[in-house]
Amino acid sequence: MSDVPTALVRMADAGDLYISWRWTHDLAATGVGRVPRDQLDRALAALGAALPGPSPALGQALTTGALASYESELALAELLSRTLLPYGLAKQLYELYQRGVRPHLRIQPSPRTAQVPWELLAPDPGVRLVEIADLSLLAQASIAHAPGRPSRPWAATRRLPVVGVLDPRVPGFRADSALGSVLGRIGPEAPVARLVSAYTAENRWRPAVADPVDAFRRTDLDREWLGTALREGASRLLYVGHVTAAAPTSGLSENAQLHLSCTAATTGFAPPLRSHRPLSAKDLLLGTYGLDAAHGEVRARSGAECWPIPSRVALIACESGGDLRFVEALGLATAMIHGGAETVTAGRWTLPTDLAFHHLAGAAPTSRPLQEAIRAIDATHEADDAVAAHGAWQRDRLAAWRELRTVDHSPVLWGAFALISTVGAA
């Protein structure tokens, strides 16, 4: 997207919300805006009331919440646009739109605005922001430009294998428990099984499987396996499962946890949960440093040495991008970038499963919104330009939402996914 007009939009919480922007192709085209705290509070409260969360809030979000119907979702999108899209920036975007130019907005939200689905903002009832711009989130400059950060450009690694961790079994947790299955029973014709089948035919899927169904609900996908698979070379990491996000009030974003098949006997920073020890962002950042004395490690290794992160990472899990809600964002998405990723797709909020759409929202039994989203995000990560591909997918989803207006097409799911990029980071 190097020839596309690009605006860097940065936000800062200081009671009121301050917004600044500048265009990289025209250094004189800058602007600033301010959102009064009361106005911001009202808009964010409306958004928060619409977002899915732990049961029973998930059922409310899928049935009576603002994201459950097109009319109420549009009203919320217009409220967010009036609040968060400065007039000067909207005017510049409109002028580009009139010329048939779709720019790239690179947004660095403040912690308070980290869950805002910027793509949905409606500067006009018939126009959404994603229709007039491609959007990505800016990685923290201190992370993207950190000394010694590995460089794994997509062009040089794109034909390497895809490392997939799909709904792994978490020790000590049944399939119907809090850390149980997110995909349910997978048959050979399931959308995600067909995804694995395509990579298997190219010998690009790890773990290698003879039957695509064998890629799901495995018991051997622990941190040791993951480290080995990544060190053998990978173009991408696709994770579908559970993430436990740290509460923003804790200030401990590094405590965000990825749930693999690790037992409690595994070495790591996170405390065990029953017979399971999660892989935390702190593990990914520090590796075994700080654990050698307590656990008798022979040699301390950095996180980047233990788990060399590939160029592109998809974390399809609830609030996998939750570190953006912290002043010091050191969670899972940031750890992936610190480890070498150029592009990370992560969730802003709780993701409804296909089962939730069926049982709570009455979606058709044949509907597979989550599986289809996984396939679509996987496809965007195979594209030359992941940002443009992500925008094209969300525009396709928006068109279906406008036309069909059923909850399984609602942005309650696809609007949750944000793409964080370091490509051309400034």
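Quick note: structure is the one above.
Owing to the predicted nature of the structure, the values given are computational and were not obtained by experimental measurement.

## Quick notes on the overall build of the protein chain
Secondary structure summary: the protein chain contains 17 helices and 14 strands in total. Counting only C-alpha atoms and orienting by the principal axes, one finds that the protein chain spans roughly 60 × 50 × 40 Å. Across the 426 residues that make up the protein chain, the buried fraction comes to 56%. Here the analysis covers contacts within the protein chain between residues at least 6 apart in sequence; of these, 71% occur between residues at least 24 apart. Counting every atom, the protein chain has about 17300 Å² of accessible surface; 53% of that belongs to carbon and sulfur. Of note, the protein chain has its 41 positive side-chain charges centred 1 Å away from the centre of its 42 negative side-chain charges.

## Details of the sheet that holds strand E4 (residues 104-108)
With respect to topology, 11 strands assemble into an open sheet ordered E3-E2-E1-E4-E5-E14-E13-E12-E8-E6-E7, the strand pairing being mixed. Two strands close off the open sheet at either side, each with one partner strand: strand E3 (26-35) and strand E7 (205-206).

## Comments concerning the packing of aromatic side chains
Overall, the coordinates contain three aromatic pairs when judged by the stated rule. With 6.2 Å between their ring centres and 50° between their planes, tryptophan 393 and phenylalanine 417 make a pair best called tilted. Of this pair, tryptophan 393 sits in helix H16 (residues 386-404) while phenylalanine 417 sits in strand E14 (residues 417-421), and the two are 24 residues apart along the sequence. Just as tryptophan 393 is buried, phenylalanine 417 falls in that class too. Directly above the ring of tryptophan 154 sits arginine 312, whose terminal nitrogen or CZ lies 4.1 Å from the centroid.

## Quick word on helix H1 (residues 37-50)
Taking 1.5 Å per residue as the helical rise, H1 with its 14 residues ought to reach 20 Å, and the 20 Å between its terminal C-alpha atoms agrees with that figure. Residues of H1 that are buried include every one of Leu40, Ala43, Leu44, Leu47 and Ala50, and no others. Considered in projection along H1, the buried side chains sweep an arc of 115° and stay on one side of the axis. The exposed set on the far side of H1, more than 90 degrees from its buried face, consists of Asp38, Arg42 and Ala49. Elements in contact with the buried residues of H1: strand E2 (16-23), E3, helix H2 (57-63) and helix H3 (70-84).

## Quick word on the environment of alanine 210
When you line up the elements, alanine 210 lands in the loop between E7 and helix H9 (223-231). Given a relative accessible area of 82%, alanine 210 falls into the exposed group. Counting along the chain gives 109 residues from alanine 210 to glutamate 319, while the straight-line C-alpha distance between them is 32 Å.

## Quick notes on the sheet that holds strand E10 (residues 257-258)
If you walk across this open sheet you meet the three strands as E9-E10-E11, and the pairing is antiparallel. In this open sheet, the two edge strands, each paired with only one partner strand, are strand E9 (243-244) and strand E11 (279-280). Summarising the sheet, E10 and E11 pair through two bridges and their orientation is antiparallel. Bridging across to E11, glutamine 257 finds its partner in serine 280.

## Focus: the pattern of salt bridges
In the structure shown here, the tally under the stated rule is 20 salt bridges. A salt bridge links arginine 128 to glutamate 73; the nearest nitrogen and oxygen atoms lie 2.8 Å apart. One end of the pair, arginine 128, is in the loop between E4 and helix H5 (129-132); the other, glutamate 73, is in helix H3, with 55 residues separating them in the sequence. With respect to class, arginine 128 is no different from glutamate 73; both count as buried. For the salt bridge of arginine 159 with glutamate 202, the shortest nitrogen-to-oxygen distance reads 3.8 Å. Of this pair, arginine 159 sits in the loop between helix H7 (154-157) and strand E6 (162-166) while glutamate 202 sits in the loop between helix H8 (191-201) and E7; the two residues are 43 residues apart in sequence, bridging distant segments of the chain. Connected through shared salt-bridge partners, Arg159, Glu202, Arg204, Arg236, Asp378 and Glu382 make up one network.

## A closer look at the pairing of strand E1 (residues 6-14)
Taken together, the five bridges between E1 and E4 define a ladder with parallel strand orientation. Bridge pairing in E4 links arginine 10 to glutamine 108. Bridging between E1 and E2 involves eight bridges; their strand directions are antiparallel. Looking at the pairing, alanine 7 lines up with tryptophan 23 of E2.

## Examining the pairing of strand E5 (residues 134-138)
Among the five residues that make up E5, five are buried, leaving the element largely enclosed by the rest of the structure. One ladder, built from four bridges, connects E4 with E5; its direction is parallel. Looking across to E5, one finds that histidine 104 is bridged to aspartate 134. Bridge analysis of E5 against E14 gives two bridges, and the strand direction is parallel. Bridging from a neighbouring strand, leucine 137 pairs with isoleucine 420 of E14.

Cut-offs and rules
Residues numbered from 1 in each chain as written. Predicted model: local features only at pLDDT ≥ 70, side-chain atom pairs only at ≥ 80, totals over all residues. Heavy atoms only, no water. Helix = DSSP H or I, 4+ residues; strand = E, 2+ residues; numbered from the N terminus. Buried < 20%, exposed > 50% of the residue type's maximum accessible area, 1.4 Å probe, protein only. Contact = heavy atoms within 4.5 Å. Areas by Shrake-Rupley, 256 points an atom, 1.4 Å probe, with all protein chains shown as cover. Lys, Arg positive; Asp, Glu negative; His and termini not counted. Charge placed at Lys NZ, Arg CZ, Asp CG, Glu CD. Pairing = 2+ DSSP bridges. Phe/Tyr/Trp six-rings, centres within 6.5 Å; stacked < 30°, edge-to-face > 60°. Lys NZ or Arg CZ within 6 Å of the ring centre and 35° of its normal. Expected span 1.5 Å × (residues − 1). Arc of directions from axis to C-beta. Salt bridge = Lys/Arg side-chain N within 4 Å of Asp/Glu carboxyl O.

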